[in-house]
Amino acid sequence: MERNFSREFQETDTQTIIEKVKIGVMETGLGAGTTFVATSLAKELAYSTKKAVAFVELCENSRGNGLLFDAMAMDKRFEGRKFHNFHRLVSENKYIRKCKNIDGRINWAVVPPNSMNVTLSALQELRLINNIRGDIIICDFGADIKEYLMGDMDMVICVMDPMPSQLISSRKIYRLLKQDENNGGAVVWIVNKMNDGINNKSFRDYMRIKDYISIPLIKPELFYTAEYNCRVFYEQKEIREKVQGKIKEIIEKHMVDLLGDNTYVTKK
């Protein structure tokens with residue numbers, strides 16, 4: 001067949017779309033420390049990578065136990081600057097790709113006090129995660145079981161409180177994550193609040209997790225100091241000195257391949 005082809009324009013390579021790296025962080029029970037681990041991970045990634053980091057708060061069930069917006073003093077951090085209410089914008093089906101709340105090199109999508117009653121559907125949560133400005137998205141699920149989001153995550157980090165009552169009451173989450181891990185999902189196990197009162201053998205026999213990273217129990221007064229000084233917990237020097245090695249271990253052991261070559265730079 002004779003056909004005439006005429007090129008209408010000069011071929012040029014279009015801009016590459018870089019796929020987001022999405023990390024879900026959840027806990028086995030209220031107060032296990034998901035937000036502490038998630039914000040610490042976001043801060044360390046912001047310190048140590050060249051990629052844009054975003055933090056998305058998605059833990060509806062735990063909002064009554066201390067609003068992250070207030071804990072971080074977002075009103076002070078954004079005094080004189082516009083704070084975008086991502087959750088309300090998404091609930092109203094508004095465009096968010098150009099919105100950003102940058103502080104400490106992190107784009108914060110946390111819930112302000114006037115939006116505590118805003119509830120996003122599964123589709124709206126996915127839209128928030130996939131459209132927020134950032135290359136690495138840290139999603140704080142809290143103690144909420146979000147099976148519909150887990151499949152969209154590149155990695156799920158489970159934060160456990162080794163108190164027996166916490167472990168016993170959270171078997172449903174544990175079984176869900178073990179099933180996901182057995183099916184090939186990337187699950188990272190974090191034991192928070194490790195201390196001398198824990199019977200390590202009993203813990204290991206009950207949980208049957210061989211590969212986990214432990215974070216030591218931090219003196220509670222240090223968290224009070226951080227909030228009174230309007231700091232993210234990881235910004236408090238005494239806290240960071242205790243946990244930075246463990247947060248770096250999470251990144252270096254489990255996330256380097258996701259982040260790509262030459263993305264993560266080890267720092268002292």
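Our subject in this report is the structure included herewith. (Residues numbered from 1 in each chain as written. Predicted model: local features only at pLDDT ≥ 70, side-chain atom pairs only at ≥ 80, totals over all residues. Heavy atoms only, no water.)

This brings us to the overall build of the protein chain. Counting its secondary structure elements, the protein chain contains 12 helices and eight strands. Going through the 268 residues of the protein chain one by one, you find that 50% of them count as buried. Partitioning the contacts of the protein chain with sequence separation of at least 6, the portion at a separation of at least 24 is 76%. For the protein chain, the exposed surface amounts to about 14700 Å²; the carbon and sulfur share of it is 47%. (Helix = DSSP H or I, 4+ residues; strand = E, 2+ residues; numbered from the N terminus. Buried < 20%, exposed > 50% of the residue type's maximum accessible area, 1.4 Å probe, protein only. Contact = heavy atoms within 4.5 Å. Areas by Shrake-Rupley, 256 points an atom, 1.4 Å probe, with all protein chains shown as cover.)

Turning our eyes to something else, we now look at the pattern of salt bridges. Applying the stated rule across the entire model yields 11 salt bridges. Taking the shortest distance from any N to any O, the salt bridge between Glu235 and Lys43 comes out at 3.0 Å. Taken together, the positions of Glu235 in the loop between helix H10 (220-228) and helix H11 (237-254) and Lys43 in helix H1 (residues 34-48) put the pair 192 residues apart, joining distant regions of the chain. Taking relative accessible area as the criterion, Lys43 reaches 3% and is therefore assigned buried. Three or more residues joined by partner-sharing salt bridges are found here, namely Lys43, Arg77, Arg81, Asp103 and Glu235. (Salt bridge = Lys/Arg side-chain N within 4 Å of Asp/Glu carboxyl O.)

The next subject is the pairing of strand S8 (residues 213-216). Burial along S8 is one-sided: Ile213 and Ile215 are buried, and none of Ser214 and Pro216, which face the opposite way, are. Both strand S7 (residues 187-194) and S8 contribute to a ladder of three bridges, which runs parallel. In the sheet register, Ile190 faces S8, and the bridge partner there is Ile213. Since S7 and S8 lie parallel, the crossover through helix H9 (residues 200-207) that links them has a hand, and here it is right-handed. (Pairing = 2+ DSSP bridges. Right-handed = clockwise from strand over helix to strand, strands pointing away.)

Its 12 residues give helix H8 (residues 171-182) an end-to-end C-alpha distance of 16 Å, which sits within 8% of 16 Å, the value for a rise of 1.5 Å per residue. The inward-facing, buried residues of H8 contact strand S1 (21-27), helix H6 (147-150), strand S6 (155-160), helix H7 (164-169), S7 and H9. (Expected span 1.5 Å × (residues − 1).)

Moving on to the sheet that holds S7. Pairing within the open sheet is mixed, and its eight strands lie in the order S3-S4-S2-S5-S1-S6-S7-S8. Looking at strand neighbours, the two that pair on one side only are strand S3 (102-103) and S8, the edges of this open sheet.

The subject of this paragraph is the environment of Asn195. Structurally, Asn195 can be placed in the loop between S7 and H9. The exposure class of Asn195 is partly exposed, given its relative accessible area of 34%. Spatially, the C-alpha atom of Asn195 lies 9.1 Å from that of Ile215, the residues being 20 residues apart in sequence. Of the polar contacts made by the side chain of Asn195, one reaches the backbone nitrogen of Gly197; its length is 2.8 Å. (Polar contact = N/O pair within 3.5 Å; in protein donor to acceptor, adjacent residues only side chain to side chain.)

Relative to the 26 Å expected for 18 residues at 1.5 Å per residue, H11 spans 25 Å between its end C-alpha atoms, a close match to the ideal helical length. Along H11, the largest kink reaches about 50° and is centred on Val243. Residues of H11 that are buried: Ile239, Val243, Ile247, Lys248, Ile250 and Ile251. Packed against the buried residues of H11 are H1, S6, S7, S8, H10 and helix H12 (256-259). (Bend = angle between axes of the 7 residues up to and from the residue.)

The residue Ser91 is located in helix H4 (residues 86-91) in this model. Take Ser91: its relative accessible area is 25%, and that puts it in the partly exposed class. Between the C-alpha atom of Ser91 and that of Glu125, which follows or precedes it by 34 residues, the distance is 9.1 Å. In this structure Ser91 touches Val118, Leu120 and Gln124, once residues within four positions along its chain are discounted. Polar side-chain contacts of Ser91 include one of 2.7 Å to the backbone oxygen of Arg88.

Moving on to a negative patch on the surface. Together, Asp70, Asp75, Glu79 and Glu227 make up a region of like negative charge exposed at the surface. One can find Glu79 in the loop between helix H3 (74-77) and H4. Classification of Glu79 by relative accessible area gives exposed; the value is 61%. (Patch = residues over 30% accessible without salt bridge, like charges linked within 9 Å, V, L, I, M, F, W, Y side chains within 5 Å. Lys, Arg positive; Asp, Glu negative; His and termini not counted. Charge placed at Lys NZ, Arg CZ, Asp CG, Glu CD.)

By size, the foremost hydrophobic cluster in this structure holds 44 residues, and its most contacted members are Ile23, Leu41, Leu45, Phe55, Ile138, Ile157 and Met255. Looking at this core, the element that brings in the most residues is H1, giving seven residues. Residues within four places of Ile157 in sequence aside, it is in contact with Ile23, Gly24, Val25, Met26, Leu41, Val188, Ile190 and Ile250. Residues Val118, Ile132, Trp189 and Met207 belong to the second largest nonpolar core, which totals 38 residues. (Core = buried A, V, L, I, M, F, W, Y, C linked by side-chain atoms within 4.5 Å.)

Taken as a whole and assessed by the stated rule, the structure comprises one cavity of 30 Å³ or more. Empty space within the largest cavity amounts to approximately 40 Å³. What lines the largest cavity is simply Thr39, Leu68, Ala71, Met72, Arg231, Val232 and Phe233. Looking at the lining of the largest cavity residue by residue, the classes come out as five nonpolar, one polar and one charged. (1 Å grid on protein atoms, 1.4 Å probe; cavity = no way out; pocket = protein on both sides within 12 Å on 5 of 7 lines; lining within 4 Å. Points joined across faces, edges and corners; volume = space filled by probe spheres on them. Nonpolar A, V, L, I, M, F, W, Y, C, P; charged D, E, K, R; others polar.)

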